[in-house]
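Each chain is listed here by its residues.
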Amino acid sequence: MSLQKINRLAAPVLTLAVCVSVGLTACGESKWGQNGARTPQGTINLDGLKVGVPENVIKEAVLTFVLDDKPAAKAGGKSQYLSRSKDSNGGQYVAQCIGGSCYRLDALYDSAPIPKEKALETVKNMLPADAPPQSKVDDSELSKAGAPPVESIYYGTDYSVSLTFTDKDGQTVKSVSVTSIPKMSAFGSTDKKASEDAKQTAN
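Just so you know, these numbers come straight off a predicted model, no measurement behind them.

Engineer: Would you mind going over the overall build of the protein with me for this structure?
Structural biologist: If you tally the helices and strands in the protein, you get five helices and 11 strands. Here the analysis covers contacts within the protein between residues at least 6 apart in sequence; of these, 44% occur between residues at least 24 apart. Of the roughly 11200 Å² that the protein leaves accessible, carbon and sulfur atoms contribute 56%.

This is the structure in structure tokens:
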């Protein structure tokens, strides 16, 4: 067989191999990830997940999240998802969605509480880039006896943050939550005990 004929036959085979390779690479990746980075299909980078993302982003990340089918997780018409994996600080995530978008994220560090500095980094990761600057801090609960103290932080009128501490000094955090107030209010969600519900349904 002449060299010319071999080259003529090899060209389509090589083209097919390249197309298959590209196709498999595309199938194994998803566009959702931290700062737009690609992640394996069916997964999502918890450290890059932000409040306000479309629910489908979480729903389709079947290797990272599972739908919580407990009755409390469906209250008020919401959907709640529990992370199968943990973030870089060892926290399990609870994502609450309504109206097609995620209005609240909780990161639970019950088994291994983290320093407040790291908790504030988690807050920063959860907030969208266009979130308004911090506008108010309410740490009055740190001086109260009884239940674990909570510090509330507000970013304009758009986002509320809750840090639940293990100590009265307010230095060690066992849970972080970030809520989009407009998204929650738009659907009349009565989420008064969201943090406690999240912890209960995650167990």
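Engineer: How do you make sense of the environment of aspartate 68 when you look at a structure like this?
Structural biologist: The residue aspartate 68 is located in the loop between strand 3 (65-67) and strand 4 (79-86) in this model. Owing to a relative accessible area of 4%, aspartate 68 belongs among the buried residues under this scheme. For the pair aspartate 68 and tyrosine 81, spaced 13 residues apart in sequence, the C-alpha to C-alpha distance is 5.3 Å.

Engineer: What is the right way to read the pattern of salt bridges from this model?
Structural biologist: Opposite charge on two side chains permits pairing when their charged atoms draw close. Scanning all chains against the criterion turns up two salt bridges. One salt bridge connects lysine 116 with glutamate 151, and the closest N-O pair in it is separated by 3.2 Å. With a gap of 35 residues between them, lysine 116 in helix 3 (residues 116-126) and glutamate 151 in strand 9 (residues 150-155) connect regions that are remote in the sequence. Classification of lysine 116 by relative accessible area gives buried; the value is 18%.

Engineer: Any chance you could explain the pairing of strand 4 here in plain terms?
Structural biologist: The side chains of a regular strand alternate between both faces of the sheet. Bridge count for strand 3 against strand 4 is three bridges, and the pairing is antiparallel. Directly across from valine 66, in strand 4, lies its bridge partner leucine 82. Relative to strand 5 (residues 92-98), strand 4 runs antiparallel, the two being bridged by five bridges. The partner of lysine 86 across the bridge, within strand 5, is glutamine 92.

Engineer: Explain the nonpolar core here, please?
Structural biologist: Across soluble globular proteins, you tend to see nonpolar side chains buried next to one another. Counting residues in hydrophobic clusters, the biggest one holds 32 residues, and the most contacted among them are Leu49, Ile58, Phe65, Val123, Leu163 and Val176. If you list the elements that add at least two residues to this core, you get helix 2 (55-59), strand 5, strand 6 (101-108), helix 3, strand 9, strand 10 (159-165) and strand 11 (172-180). A per-element tally of this core places strand 10 first, with four residues. If we skip the residues at most four places from it in the chain, leucine 49 touches Ile44, Ile58, Phe65, Tyr93, Leu105, Asn125 and Met126.

Engineer: How should the side chain of serine 83 be read in this particular structure?
Structural biologist: On the secondary structure map, serine 83 appears in strand 4. Judged by its relative accessible area of 5%, serine 83 falls in the buried class. At a separation of 2.8 Å, a polar atom in the side chain of serine 83 contacts the main-chain carbonyl oxygen of serine 85. Within polar-contact distance, the side chain of serine 83 engages the backbone nitrogen of tyrosine 93 at 2.8 Å. Aside from chain neighbours lying at most four places away, what touches serine 83 is Leu46, Thr64, Phe65, Gln92 and Tyr93.

Engineer: In this structure, what is going on with helix 3? I would like to understand it.
Structural biologist: Given 3.6 residues per turn, any residue in an α-helix points the same way as the ones three and four places further on. Those residues of helix 3 that fall on the buried side of the exposure criterion are Lys116, Ala119, Thr122, Val123 and Met126. Buried residues in helix 3, looked at end-on, bunch into an arc of 110 degrees, giving them a common side. Along its buried surface, helix 3 packs onto strand 5, strand 6, strand 7 (114-115), strand 9, strand 10 and strand 11.

Engineer: What exactly am I supposed to notice about the environment of aspartate 169 here?
Structural biologist: Relative to the elements of secondary structure, aspartate 169 occurs in the loop between strand 10 and strand 11. For the pair aspartate 169 and leucine 142, spaced 27 residues apart in sequence, the C-alpha to C-alpha distance is 7.2 Å.

Engineer: In this structure, what is going on with the state of the cysteines? I would like to understand it.
Structural biologist: Simply put, disulfide is the name for a covalent bond between the sulfur atoms of two cysteines. The full count for this structure, using the stated rule, is zero disulfides. Free cysteine cysteine 97: the closest other cysteine sulfur is in cysteine 102, separated by 4.6 Å. Judged by its relative accessible area of 0%, cysteine 97 is buried. On the basis of relative accessibility, which here comes to 0%, the residue cysteine 102 falls in the buried class.

Calculation rules
- Residues numbered from 1 in each chain as written.
- Predicted model: local features only at pLDDT ≥ 70, side-chain atom pairs only at ≥ 80, totals over all residues.
- Heavy atoms only, no water.
- Helix = DSSP H or I, 4+ residues; strand = E, 2+ residues; numbered from the N terminus.
- Contact = heavy atoms within 4.5 Å.
- Areas by Shrake-Rupley, 256 points an atom, 1.4 Å probe, with all protein chains shown as cover.
- Buried < 20%, exposed > 50% of the residue type's maximum accessible area, 1.4 Å probe, protein only.
- Salt bridge = Lys/Arg side-chain N within 4 Å of Asp/Glu carboxyl O.
- Pairing = 2+ DSSP bridges.
- Core = buried A, V, L, I, M, F, W, Y, C linked by side-chain atoms within 4.5 Å.
- Polar contact = N/O pair within 3.5 Å; in protein donor to acceptor, adjacent residues only side chain to side chain.
- Arc of directions from axis to C-beta.
- Disulfide = S-S within 2.5 Å.

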